[in-house]
Amino acid sequence: MMDILRQAEPFSVRECMRSSLFADGSVVVFLLKNNPKWEFEEFSPNITRFTGYTQEEIEKKKLGLLDIIHPEDKEKLFKSFQQSRKERERMWSFSQVRLVRKDGSILWVELRFYFVNDASNRTVYFLGYMVDITKEIEEKNLFETVTDLVPVGIYLYEDTKFIYLNKKALDISGYSEEDIKNADIISFIYPEDRPVVEEILKKRREGNRDVFTYRIRIITKDEKIKWVQITSKIIYYEGKHLGIGIVQDIDKLVQLEFAKELLSKINRAMIASGDTFSLIEAVCDVFKNFGNFRGVLVCKVDGEKLTPVCRFSKNNFLDSIDCNEIPERKIIRIRQPVYISDISRLKKFSKWKELALANKVNSLIILPIKDGKQIRFIISLYIEEKNYFSKDVLEVFNEIANDISFGLRYMKKEEDLFLKEYYDSLTGIGNRNYFMNNLKKYINKNRYFYLVILDIYNFKYINEKFGKEFGDRILKEIADNLDRNLKYENVFRIGNDEFTIISTTEDVYILIDRIREILSKIKIEGRDFPLDYNIGVVKFPEDGKDPHEIVLKAERTLEIARKNGKNEVAFFDREKYESVRQTIHLEEKIENAIKNDEFILCFQPIVSVKDNTIKGVEVLVRWKDQKGNLILPSEFIPVAEKTGQIKEIDMLVIKKVRELLNRWSSKKILIKKGKTRKEVPLEKIRFSVNLTPTYIGDIISMLKSRQQFTEDDIKVLKKHLTFELTERQSLEIYTEKKNINRLRRMGFKIAIDDFGTGYSSLSYLAELNVNYIKIDMVFIQKMLTDKRIHRLVQSIINIAKIFGIKTIAEGVETYEQLQELKKLGCNMYQGYYYSPPINIDEFEKLLVL
Ligand code: C2E
Ligand code: CA
Ligand code: CA
């Protein structure tokens with residue numbers, strides 16, 4: 001059509017323009033003269049609607065287009081015109097110029113026209129048309145006004161480039177429209193977040209029209225990193241698919257959220273940590289892994305001294321700082337969190353400042369961790385950006401500091417409790433509780449391990465000989481040396497002189513050798529103090545799977561080692577264990593027997609060799625169980641001695657004797673003398689009570705404590721009681737001697753029981769202030785057939801005489817034995833010949849009460 005127009009006569013153009021073809025509608029077609037006014041040569045009739053002028057008025061006034069173009073838009077028009085002239089014959093257009101209509105009102109139009117040239121290529125006319133775009137412009141204005149008013153950023157993009165950004169979007173980024181329009185979107189995104197955006201752009205290209213909401217960091221014009229939230233969508237606009245996005249500045253929000261998350265993470269980490277050190281470590285870890293910090297420094301504070309306990313930094317730049325020259329020091333005085341929002345403005349700490357800035361650290365927050373008033377730790381966080389923290393966020397960090405402080409205080413309390421509960425106060429190594437906890441942990445791991453239980457041989461002796469204080473020092477020394485030398489093992493003290501080691505060693509013999517060596521090298525005040533021991537070993541899982549079972553088996557194994565003598569080591573053995581288990585069973589039964597008062601007394605008279613008159617009576621214990629069975633001492637006393645239950649039994653016996661003395665004190669006592677009876681005072685009959693030597697110390701304490709006996713009881717008992725003590729192994733003589741003399745001083749009489757079977761030396765008799773010795777029945781029963789034993793009995797009697805000690809022969813069963821004893825000058829005897837042990841009724845008959 002344009003070609004036709006070009007060649008056509010102007011008049012035929014007029015015909016065409018004035019025809020009904022262009023009578024109405026939103027397009028005005030016109031032909032302009034190329035004169036200064038751009039006079040309308042021809043136009044379609046609807047020009048009246050566009051300009052307000054009638055056709056006549058236009059013709060009469062010779063109105064030109066430039067007459068009605070808004071003055072402000074003329075320049076725009078010319079610029080475009082000039083541009084188009086250079087590229088001749090190209091249709092050119094202006095969008096958005098305003099016409100000032102006859103009545104002064106404004107109409108937005110879009111102009112497009114062609115140059116119509118003559119034969120000599122001179123432009124004679126402009127042929128063009130204009131479209132009313134007022135409505136669109138108004139809408140666009142409205143859109144822009146609205147979008148500039150909303151508090152969110154709005155942008156449009158095509159492919160990977162921005163084509164429109166509202167004021168808020170520009171504000172968020174800090175850029176101007178020129179900076180950003182047609183720039184690549186990706187260049188504004190923080191490098192770490194670029195993949196997220198690239199992925200979305202890719203999806204858009206593939207035709208994905210979903211709504212996406214995501215958070216990314218952008219780089220603002222002043223090179224700050226800012227968190228924004230984007231919601232984007234695809235719209236159809238101006239014939240194209242465009243991306244529209246809403247961008248919100250969530251930097252403060254993210255910081256706050258971040259700080260709060262940090263707070264909760266720290267709290268969680270603190271709850272999970274068991275002690276101060278792991279708490280600090282956990283907190284440090286959270287900062288390390290979660291915050292986007294350039295560095296984290298935790299220092300312990302001791303007065304003015306700062307000691308780094310945890311430091312983490314990009315390029316390890318914090319490793320080279322001098323703790324005397326860092327802003328963290330400020331905190332020691334200020335005692336409040338300190339925030340340095342711009343390190344470059346800092347006046348002091350120039351060396352530190354240089355280092356920080358070189359490592360892209362621009363701000364710093366320092367948090368004091370306090371225990372009450374005292375600052376115990378300082379945590380400082382090194383941050384890349386200036387002015388990073390808002391007031392709200394600082395508050396959260398303050399809270400973080402408070403929480404850690406609280407956690408620390410709590411932990412300290414817990415630790416103190418923990419220490420009390422799990423550590424042995426004497427040696428500082430784990431106690432029985434801790435041992436059990438560890439044992440359970442090891443069992444749960446389900447990997448093999450050895451449980452080695454160590455007992456110091458005759459520690460009781462050491463304690464008694466050198467005093468408790470000295471004993472404690474030895475225990476400390478043992479614990480220290482075991483702990484120090486067995487670095488890869490766990491050492492615990494589970495009882496007085498019992499230690500345990502949980503070990504995953506491959507060769508337990510090596511471990512035992514090392515223990516042996518350690519014990520042989522114990523030194524006290526520079527002096528060697530080698531120790532003897534017993535060791536029991538059990539292995540998990542072969543020997544047991546339950547913690548209590550394992551411990552019990554270990555103890556029983558140790559028991560077996562002990563029985564074998566000093567420095568013996570025993571490994572768990574199922575058969576031996578079974579026999580020991582019987583003992584345990586018995587131990588429980590004895591326990592019940594004590595509770596249920598199942599022990600009764602029987603009595604065996606001690607009579608004069610000369611005339612068979614009663615001089616005393618040995619009180620012997622019997623156990624009458626609930627079924628009425630009488631159980632002999634040989635069956636339960638060895639166990640009761642091992643478990644210590646014998647103490648209670650002996651005390652029971654003494655109490656029962658006390659009751660009897662009370663009952664008999666008011667009664668007349670007639671004893672047999674030859675064929676007649678003779679009345680004697682109760683004091684004339686000594687009551688011999690057996691005591692197990694190991695526990696005399698305890699018995700003495702109990703007698704003295706006044707808890708079980710009144711002063712009056714003791715007075716009565718002293719008058720009537722003789723304690724029989726078996727002589728024992730040489731090592732215990734020392735203690736025994738001391739205790740025997742204590743009993744003597746209290747006013748009790750003492751008999752050495754089973755004399756001749758132990759280690760007693762003559763000097764022992766000389767030193768001890770005893771009243772009787774009881775010649776063991778094996779001698780009495782063999783003395784008539786074995787000359788050597790006869791001689792032995794003879795010399796015992798003679799020596800006793802020299803020391804003024806009375807002799808009592810035990811187990812006299814025959815007349816011949818009694819006759820022989822008479823010859824040898826033995827004072828008294830007891831045995832079946834006169835009477836076996838009898839019960840209380842029979843005994844009362846004997847005394848004829
Ligand atoms: P023991 O002190 O040597 O007691 C004497 C033991 O010899 C008693 O055994 C007694 O029944 C037994 N016996 C007495 N005369 C004869 C005899 O002619 N021939 C023979 N074969 N045996 C005779 P029992 O009562 O079984 O006591 C055994 C041991 O148990 C006692 O030996 C004593 O060491 C201990 N025992 C008994 N009662 C107590 C007690 O209350 N406390 C403590 N710690 N030990 C006790
Ligand atoms: Ca006895
Ligand atoms: Ca005896």
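Scope of this entry: the structure provided in the associated data block. (Residues numbered from 1 in each chain as written. Chains lettered and ligands numbered in written order. Predicted model: local features only at pLDDT ≥ 70, side-chain atom pairs only at ≥ 80, totals over all residues. Heavy atoms only, no water.)

Some thoughts on the coordination of the calcium ion (ligand 3)
Reasoning step 1: Summarising the metal site, the calcium ion (ligand 3) is bound by the protein donors D753 (OD), D754 (OD), E810 (OE) and E810 (OE), whose distances to it range over 2.1 to 2.5 Å.
Reasoning step 2: Along the chain, the residues that donate to the calcium ion (ligand 3) are spaced as D-D-x55-E. (Donors = N, O, S within 2.8 Å, 3.2 Å for Na, K, Ca; no water.)

Topic: the coordination of the calcium ion (ligand 2)
Reasoning step 1: Distances from the calcium ion (ligand 2) to its protein donors, E618 (OE), N690 (OD1), E724 (OE) and D753 (OD), fall at 2.1 to 2.3 Å.
Reasoning step 2: Mapped onto the polypeptide sequence, the residues donating to the calcium ion (ligand 2) form the spacing pattern E-x71-N-x33-E-x28-D.
Reasoning step 3: In this structure the calcium ion (ligand 3) is found 4.0 Å away from the calcium ion (ligand 2), and D753 serves as a bridging donor for the pair. Taken together, the positions of E618 in strand 24 (residues 614–624) and E724 in strand 29 (residues 721–726) put the pair 106 residues apart, joining distant regions of the chain.
Reasoning step 4: A residue is classified by how much of its surface remains accessible, and E618, at 4% relative accessible area, is buried. (Helix = DSSP H or I, 4+ residues; strand = E, 2+ residues; numbered from the N terminus. Buried < 20%, exposed > 50% of the residue type's maximum accessible area, 1.4 Å probe, protein only.)

Let's talk about the packing of aromatic side chains
Reasoning step 1: On inspection of all chains with the given rule, the structure shows 31 aromatic pairs.
Reasoning step 2: Each ring, one from W352 and one from Y382, has its centre 5.8 Å from the other, and the planes form 55°; the classification is tilted. Highlighted residues: W352 in helix 14 (residues 350–358) and Y382 in strand 15 (residues 374–383), separated in sequence by 30 residues.
Reasoning step 3: Seen from their ring centres, F687 and F843 are 6.5 Å apart, and the 80° between their planes marks the pair as edge-to-face. With F687 in strand 28 (residues 686–691) and F843 in helix 31 (residues 840–847), the pair connects residues that are 156 residues apart, well separated along the chain. F843 matches F687 in its accessibility class, with the two residues each being buried. (Phe/Tyr/Trp six-rings, centres within 6.5 Å; stacked < 30°, edge-to-face > 60°.)

A few points about the sheet that holds strand 14 (residues 363–371)
Reasoning step 1: Pairing in this open sheet of five strands is antiparallel, and the strands run 12-11-15-14-13 from one edge to the other. For this open sheet the edge positions go to strand 12 (305–313) and strand 13 (338–340), each flanked by a neighbour on one side alone. Averaged over all neighbouring strand pairs, the angle between strand axes comes to 15°, with direction disregarded.
Reasoning step 2: Summarising the sheet, strand 11 (residues 295–302) and strand 12 pair through eight bridges and their orientation is antiparallel. For L297, the partnering residue across the bridge sits in strand 12 and is R311.
Reasoning step 3: Against the sheet, helix 12 (residues 276–289) contacts strand 11, strand 12 and strand 15, and its axis sits at roughly 15° relative to strand 15. (Pairing = 2+ DSSP bridges. Axes fitted to C-alpha atoms, helices over the stretch in contact; angles between N-to-C directions. Contact = heavy atoms within 4.5 Å.)

Overview of the sheet that holds strand 16 (residues 449–456)
Reasoning step 1: Within the open sheet, the five strands sit side by side as 17-18-16-21-22. Their pairing is mixed. Each end of this open sheet is capped by a strand with a single partner; those strands are strand 17 (490–493) and strand 22 (568–571). Between one strand axis and the next, the sheet turns through 20° on average, direction left out of account.
Reasoning step 2: Bridge analysis of strand 16 against strand 21 (residues 533–540) gives eight bridges, and the strand direction is antiparallel. Following the sheet pairing, D455 is matched in strand 21 by N534.

Points about helix 14
Reasoning step 1: Turning to helix 14, its buried residues are W352, K353 and A356. Seen end-on, helix 14 carries its buried residues on one side only, within an arc spanning 100°. In helix 14, the exposed positions angled more than 90 degrees off the buried face are occupied by S350, K351, E354 and A358.
Reasoning step 2: Next to the buried residues of helix 14 lie helix 13 (328–334), strand 14 and strand 15.
Reasoning step 3: Of the residues one or two after helix 14, K360 is the one with positive phi, at around 60°. (Arc of directions from axis to C-beta.)

Focus: the site of ligand 1
Reasoning step 1: Near ligand 1, the surroundings consist of 25 residues, among which Q604, D650, D753, E813 and Y832 are the closest.
Reasoning step 2: The side chain of E618 places a nitrogen or oxygen atom 3.0 Å from an oxygen atom of ligand 1.
Reasoning step 3: Here an oxygen atom of ligand 1 and a side-chain polar atom of N690 are 3.0 Å apart.
Reasoning step 4: Mapped onto the shell around ligand 1, the elements with two or more residues apiece are strand 24, helix 22 (633–643), helix 23 (645–664), strand 28, strand 30 (749–755) and helix 28 (777–782).
Reasoning step 5: If one sorts the elements of the shell around ligand 1 by residue count, strand 24 sits on top with four residues.
Reasoning step 6: For the shell around ligand 1, a count of residues per class yields eleven nonpolar, six polar and eight charged. (Near = heavy atom within 4 Å. Polar contact = N/O pair within 3.5 Å; in protein donor to acceptor, adjacent residues only side chain to side chain. Nonpolar A, V, L, I, M, F, W, Y, C, P; charged D, E, K, R; others polar.)

Quick notes on the pattern of salt bridges
Reasoning step 1: Within the structure shown, the criterion is met by 44 salt bridges.
Reasoning step 2: One salt bridge connects E57 with K102, and the closest N-O pair in it is separated by 2.7 Å. Here E57 is found in helix 4 (residues 55–61), whereas its partner K102 is found in the loop between strand 3 (92–100) and strand 4 (106–117), with 45 residues between them in sequence.
Reasoning step 3: E57 gets classed as partly exposed once you look at its relative accessible area, which sits at 24%.
Reasoning step 4: A salt bridge links R329 to E304; the nearest nitrogen and oxygen atoms lie 3.9 Å apart. Residue R329 is located in helix 13, and its partner E304 is located in the loop between strand 11 and strand 12; the two are separated by 25 residues in the primary sequence.
Reasoning step 5: Under the relative-accessibility criterion, R329 is labelled buried at 17%.
Reasoning step 6: One salt-bridge network, held together by shared partners, links D455, E498, E559 and R562. (Salt bridge = Lys/Arg side-chain N within 4 Å of Asp/Glu carboxyl O.)

Side note on the state of the cysteines
Reasoning step 1: Counted by the stated rule, this structure contains one disulfide.
Reasoning step 2: The disulfide that involves C284 links it to C310, with 1.7 Å between the sulfurs. Handedness of the C284-C310 disulfide follows from its S-S torsion of about -85°: it is left-handed. Highlighted residues: C284 in helix 12 and C310 in strand 12, separated in sequence by 26 residues. Neither residue differs from the other here; C284 and C310 are each classed as buried. (Disulfide = S-S within 2.5 Å.)

Brief notes about the packing of helix 22 against helix 23
Reasoning step 1: Two numbers describe how helix 22 lies on helix 23: the axes approach to 5 Å, and their chain directions differ by 115°. Classified by the angle their axes make, helix 22 and helix 23 are roughly perpendicular. Of helix 23, the residues touching helix 22 (which contributes F636, I637, A640, E641 and T643) are Q645, I646 and I649.
Reasoning step 2: Among the residues forming the contact of helix 22 with helix 23, the class breakdown is five nonpolar, two polar and one charged. (Parallel < 35°, antiparallel > 145°, perpendicular 65-115°, else oblique.)

A closer look at the nonpolar core
Reasoning step 1: If you look at the biggest cluster of nonpolar residues, it comprises 79 residues, and the most contacted ones within it are I590, F599, I654, F687, F723 and L743.
Reasoning step 2: In terms of residue count, helix 23 provides more of this core than any other element does, ten residues in total.
Reasoning step 3: I654 has contacts with V689, L691, I699, F709, L717, L721 and F723, leaving out every residue within four places of it along the chain.
Reasoning step 4: In this structure, L262, V296, I404 and L408 belong to the second largest nonpolar core, which totals 36 residues. (Core = buried A, V, L, I, M, F, W, Y, C linked by side-chain atoms within 4.5 Å.)

A word on unusual backbone geometry
Reasoning step 1: Cis peptide bonds are those with omega within 30 degrees of zero, and the linkage from F540 to P541 qualifies with 0°.
Reasoning step 2: Topologically, P541 is positioned in the loop between strand 21 and helix 20 (547–563).

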